[in-house]
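For reference, the chains in residue letters:
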Amino acid sequence: MRVVAKKILREFWEKYTDSEQQLKTWYKEASKAKWYNPIDIKKEYAKASILKSGRIVFNICGNKYRLIVEINFIRQWLFIRFIGTHEEYDKINSEKV
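Computed from a prediction, not measured in an experiment: that's the story for all the values here.

**Observations regarding the packing of aromatic side chains**
Per the stated rule, a full pass over the model turns up nine aromatic pairs. On the basis of an interplanar angle of 65° and a centroid distance of 5.4 Å, the ring pair of Trp 26 and Phe 58 is categorised as edge-to-face. Taken together, the residues Trp 26 in helix α2 (residues 20-32) and Phe 58 in strand β3 (residues 55-60) connect sequence positions 32 residues apart. For Trp 26, a relative accessible area of 3% translates into the label buried. Considering the side-chain rings of Phe 82 and Tyr 89, the 6.4 Å spacing of their centres and the 50° angle between planes classify their relative orientation as tilted. On the basis of relative accessibility, which here comes to 13%, the residue Phe 82 falls in the buried class. Feature note: the residues Trp 26, Trp 35, Tyr 45 and Phe 58 constitute an aromatic cluster, connected by ring pairs. One cation-aromatic arrangement involves Lys 6 over Tyr 27; the distance from NZ or CZ to the ring centre is 4.5 Å. The ring centre of Tyr 89 lies 4.4 Å from the NZ or CZ of Arg 66, which sits over that ring.

**Thoughts on the nonpolar core**
One broad rule of soluble globular proteins: the nonpolar side chains tend to lie buried together. In terms of nonpolar packing, the biggest core is built from 25 residues, with Trp 26, Trp 35, Phe 58, Leu 67, Val 69, Ile 71 and Leu 78 touching the most fellow members. It is strand β4 (residues 65-72) that contributes the most residues to this core, four residues altogether. With residues near it in sequence (within four places) discarded, Leu 67 still touches Leu 9, Trp 26, Ile 56, Val 57, Phe 58, Ile 60, Ile 80, Phe 82 and Ile 83. Ranked by size, the runner-up nonpolar core spans five residues in total, among them Leu 51, Val 57, Ile 68 and Tyr 89.

**Here we look at the pattern of salt bridges**
According to the stated counting rule, one finds six salt bridges in the structure shown. The partner of Lys 64 in a salt bridge is Asp 18, with the nearest N and O atoms 2.8 Å apart. Taken together, the residues span a long stretch of sequence, with Lys 64 in the loop between β3 and β4 and Asp 18 in the loop between α1 (6-15) and α2 at a distance of 46 residues. Between Lys 24 and Glu 20 there is a salt bridge; the shortest N-O distance is 2.7 Å. Placement of both Lys 24 and Glu 20 in helix α2 is noted, with a separation of four residues, approximately one turn of the helix. Counted as one network, the salt bridges with shared partners bring together Arg 55, Glu 70 and Arg 81.

**Remarks on α1**
Residues three or four positions apart in an α-helix share a direction because the helix packs 3.6 residues into each turn. Taken as a whole, α1 has its buried residues at Leu 9, Phe 12 and Trp 13. Along the long axis of α1, the arc covered by the buried residues comes to 95°, so they all point the same way. Opposite the buried face of α1, at more than 90 degrees from it, the exposed residues are Lys 7, Glu 14 and Lys 15. Where α1 is buried, its residues meet α2, β4 and β5 (77-85).

How each quantity is defined
Residues numbered from 1 in each chain as written. Predicted model: local features only at pLDDT ≥ 70, side-chain atom pairs only at ≥ 80, totals over all residues. Heavy atoms only, no water. Phe/Tyr/Trp six-rings, centres within 6.5 Å; stacked < 30°, edge-to-face > 60°. Helix = DSSP H or I, 4+ residues; strand = E, 2+ residues; numbered from the N terminus. Buried < 20%, exposed > 50% of the residue type's maximum accessible area, 1.4 Å probe, protein only. Lys NZ or Arg CZ within 6 Å of the ring centre and 35° of its normal. Core = buried A, V, L, I, M, F, W, Y, C linked by side-chain atoms within 4.5 Å. Contact = heavy atoms within 4.5 Å. Salt bridge = Lys/Arg side-chain N within 4 Å of Asp/Glu carboxyl O. Arc of directions from axis to C-beta.

That is the geometry; function is a separate question.
Structure below.
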């Protein structure tokens, strides 16, 4: 997968330093991944949530933070749409960010 917008992750872990290691690990794994459908993601990330809009929500740091991505499986592109605290996540429409 080509992960678009790593800068968003970097800015987040600079603000929330406890997320740095887990986000770096997630980025490394996602960059090397060959996901062709949501089932492939669930095999590696059982707690990931698949949304109706085709977006995926990953729990970061034991669900303290939420990461929403949109994936183009054909082109193998992954777009970061949102990263924030669980409280911030509760205030957004995860289908439309």
